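Inside the fold
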Amino acid sequence: MSTRTGPQHYPGANRDHWYQDDFGGDRMEVNVVVLHTTEGRSLPDYQGGSAAPNLTAVPDFAARKLKWYQHFEIDVSSRALVNKRGGVETNTLNVCQAELVGTCDPDLHAKWKARDQAHVYWPKAPEWALRAVAEYLAWMHIHHRVPLRGPALWPAYPKSAGNGGGQRMSGERWNAFKGVCGHMHVPENAHGDPGALDFEGLLGFAKAAVQD
């Protein structure tokens, strides 16, 4: 689908790390948001952009907010999902992808915590971080009609890797899905991020933001 409606740049997002000019992408009408975690503490280079999402959210702990970086337009396919030959489409199936800097891995969280290295452990994210993600989801709902709903199962990492929690969608279900999901829900992929995100709380904040 080549028709695109709605604004293509998330308000306030930094575009210094813009990869669309190098990698193009398919034009589409987004109706899905996929949330990832980077498993790092800073903005990745995404292999020069070849594995980049549409947006990255970097925590600013002093300001208690997320700083957003945009790499592709909202209605242009990005590159953070595995897409195997045959089967279903992933990156190009009307998906806007957002990477959340931090981790869903309890072992990595424990290591960083022991070293006093600031980070967001997304399964227990501070409220300010969840609200910032919720504001993005609310904006996607208002301007791109992405439904504020998603899968019921958000198992903790590492159970979420592969399909350990029974959460990953079938190809048929993925093709029909509209809403918000995680990397761990996308077929043809094995990653388990963003783990046990407080999805109910996140949607609650997003729905409240829509009403404000």
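Residues numbered from 1 in each chain as written. Predicted model: local features only at pLDDT ≥ 70, side-chain atom pairs only at ≥ 80, totals over all residues. Heavy atoms only, no water.

For the protein chain, an unreviewed UniProt entry supplies the name N-acetylmuramoyl-L-alanine amidase domain-containing protein and the organism Streptomyces asoensis.

Quick word on the packing of aromatic side chains
Across all of its chains, the model carries six aromatic pairs by this definition. Residues Phe 61 and Trp 128 carry aromatic rings whose centres are separated by 6.0 Å and whose planes lie at 90 degrees to one another, so their mutual orientation is edge-to-face. Residue Phe 61 is located in the loop between β2 (55-60) and β3 (65-70), and its partner Trp 128 is located in helix α3 (residues 127-144); the two are separated by 67 residues in the primary sequence. For Phe 61, a relative accessible area of 36% translates into the label partly exposed. Taking the relative accessible area as the measure of exposure, Trp 128 reaches 13% and is therefore buried. Ring centres of Trp 154 and Phe 199 lie 4.4 Å apart, and the angle between their planes is 25 degrees; this geometry places the pair in the stacked category. Here Phe 199 lies in helix α5 (residues 199-211) and Trp 154 lies in the loop between α3 and α4 (171-176), a separation of 45 residues in the sequence. Per residue, the accessibility class of Trp 154 equals that of Phe 199, and both read buried. One aromatic cluster in this structure is built from Tyr 10, Trp 68, Tyr 136 and Trp 139. (Phe/Tyr/Trp six-rings, centres within 6.5 Å; stacked < 30°, edge-to-face > 60°. Helix = DSSP H or I, 4+ residues; strand = E, 2+ residues; numbered from the N terminus. Buried < 20%, exposed > 50% of the residue type's maximum accessible area, 1.4 Å probe, protein only.)

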